[in-house]
Amino acid sequence: METTKKRMLSGIKPSGDLTLGSYLGAIKNWAVRADLFDCYYFMADLHAITVRQNPADLRRRTLEQLAQYIACGLDPEKNTLFIQSHVPQHVELGWVLNCYAMFGELSRMTQFKDKSAKNADNINGGLFTYPALMAADILLYQPDYVPVGEDQKQHVELTRDIARRFNGIYGDVFKIPEPFIPETGARIMSLTNPAAKMSKSENEDTGRILVMDAPETIMRQFKRAITDSDTENCVRYDKENKPGVSNLMTIYSACTGKSYAEIESEFAGCGYGKFKPAVGEAVVETLRPIREEAARLMKDKAYLESVYRDGAQKAGYFAEKTLRKVYKKVGFVAK
Ligand code: TYM
């Protein structure tokens, strides 16, 4: 069970249906590295309930997310895929790390500030201490890398600070992990508001594409995508002055592998009218095999169940080793 490969770990909250943003910013990056690393990926259902969820939707999305992970190329034979709440060590280490995460640090987290502004009637304790649980998710598995999009970098950095603080008191308990952020796709913006991140918790009108969206929906969304109000009408990468077009170029580049220079020359003189549907088509073709395979897997509940059961068992074995070490270090009496 032990391996000398470097380890990767990451998770996604099933708080909304998976978007093109989570695919390009995170999962795509996980799938290409599955052979080179010892990988752990999970559905962060414990994190999802920091915002109110409809129970039936949460259950469906958690399973659908597992089907999507597999459909994106994460072979359960080579990757440990599990549901966070099935491995109770996350909560146990989460509590310990709560006692090593400072109020000031937690107060500075951008996600906490954003989410508390959006859910003013439900600023609960879990929302505030979320990063300590996320630090536990990571540190339990002693990973080398944590592949995430740009927006999660701050949480991974806080994880590193907590780990260093803990190691400073008790010796080398935790490996200090590195965030692993893709060069293209780290921050996919909304198609209707290029100043805001494409987010899974928003509705369709907020310019998000879902991994399971039908091709017609995707094409419609791209045709409606905001381009910039400059008079130039030309496809050129300029994040500052042309954020809408630049976002579409990032999506096109991440889906086709073409560089920005190649994209600029491909659409030279064409204007936005031809560019927007071309991006839509590239996205449709990127997502099509994933959507079809995930839909097929969703019909095979027995298979999904065997995957998450095996995954929780493997993850739990590893997590328990770290947790025992931590409990001993802080002074708990062994069972
Ligand atoms: P979450 O569920 O918000 O997002 C999942 C992953 O997708 C990335 N992502 C994006 N990347 C580019 N552009 C976007 N528009 C976009 N939207 C989302 C995120 O950066 C993330 O990598 N707290 C985490 C879940 C988590 C976790 C962990 C991650 C819990 N424990 C431990 C890593 C390790 C979250 O809310 O991600």
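Relevant structure appears above.
The structure displayed is predicted, hence computed values, not measured ones.

### A closer look at the overall build of the protein chain
And then number 1: A tally of helices and strands in the protein chain yields 13 helices and 5 strands.
And then number 2: Relative to the 2.2 N^0.38 estimate, which gives 20 Å for 335 residues, the radius of gyration of the protein chain is 21 Å and therefore close to what a compact globule would have.
And then number 3: For the protein chain, the spread of C-alpha atoms along the principal axes amounts to about 70 × 45 × 40 Å.
And then number 4: Scored against the burial criterion, the 335 residues of the protein chain give a buried share of 54%.
And then number 5: Summarising the internal contacts of the protein chain: among those between residues at least 6 apart in sequence, 76% fall at separations of at least 24.
And then number 6: Per element, the accessible surface of the protein chain, about 15400 Å² overall, is 51% carbon and sulfur.
And then number 7: Averaged over its 46 positive side-chain charges, the protein chain has a centre that lies 4 Å from the centre of its 43 negative ones.

### Re the nonpolar core
And then number 1: With 58 residues, the main nonpolar core has Phe222, Ile251, Phe275 and Val283 as its most contacted residues.
And then number 2: With 12 residues, the single largest contributor to this core is helix H12 (residues 272-298).
And then number 3: Not counting chain neighbours up to four residues away, the residues in contact with Val283 comprise Leu20, Ile209, Ile218, Phe222, Ile251 and Cys255.
And then number 4: In terms of nonpolar packing, the next biggest core, distinct from the first, is built from 41 residues, Phe42, Val173, Phe318 and Ala319 among them.

### Re the pattern of salt bridges
And then number 1: For the structure on display, the rule yields 16 salt bridges.
And then number 2: The closest approach of N and O atoms between Asp35 and Lys78, which form a salt bridge, is 3.1 Å. With a gap of 43 residues between them, Asp35 in the loop between helix H1 (20-31) and strand E2 (38-43) and Lys78 in the loop between helix H3 (55-71) and strand E3 (79-83) connect regions that are remote in the sequence.
And then number 3: Given the relative accessible area of 46%, Lys78 is considered partly exposed.
And then number 4: For Asp161, the salt bridge identified is with Arg164, shortest N-O distance 3.3 Å.

### A short note on unusual backbone geometry
And then number 1: Unusually for a residue other than glycine, Gln142 sits at a positive phi of about 50°.
And then number 2: Looking at the secondary structure, you find Gln142 in the loop between helix H7 (125-139) and strand E4 (145-147).
And then number 3: Residue class for Gln142 comes out buried when judged on its relative accessible area of 14%.

Rules used in this analysis
- Residues numbered from 1 in each chain as written.
- Predicted model: local features only at pLDDT ≥ 70, side-chain atom pairs only at ≥ 80, totals over all residues.
- Heavy atoms only, no water.
- Helix = DSSP H or I, 4+ residues; strand = E, 2+ residues; numbered from the N terminus.
- Rg over C-alpha atoms; globule rule 2.2 N^0.38 Å.
- Buried < 20%, exposed > 50% of the residue type's maximum accessible area, 1.4 Å probe, protein only.
- Contact = heavy atoms within 4.5 Å.
- Areas by Shrake-Rupley, 256 points an atom, 1.4 Å probe, with all protein chains shown as cover.
- Lys, Arg positive; Asp, Glu negative; His and termini not counted.
- Charge placed at Lys NZ, Arg CZ, Asp CG, Glu CD.
- Core = buried A, V, L, I, M, F, W, Y, C linked by side-chain atoms within 4.5 Å.
- Salt bridge = Lys/Arg side-chain N within 4 Å of Asp/Glu carboxyl O.

Any functional reading would require information beyond the geometric quantities listed.
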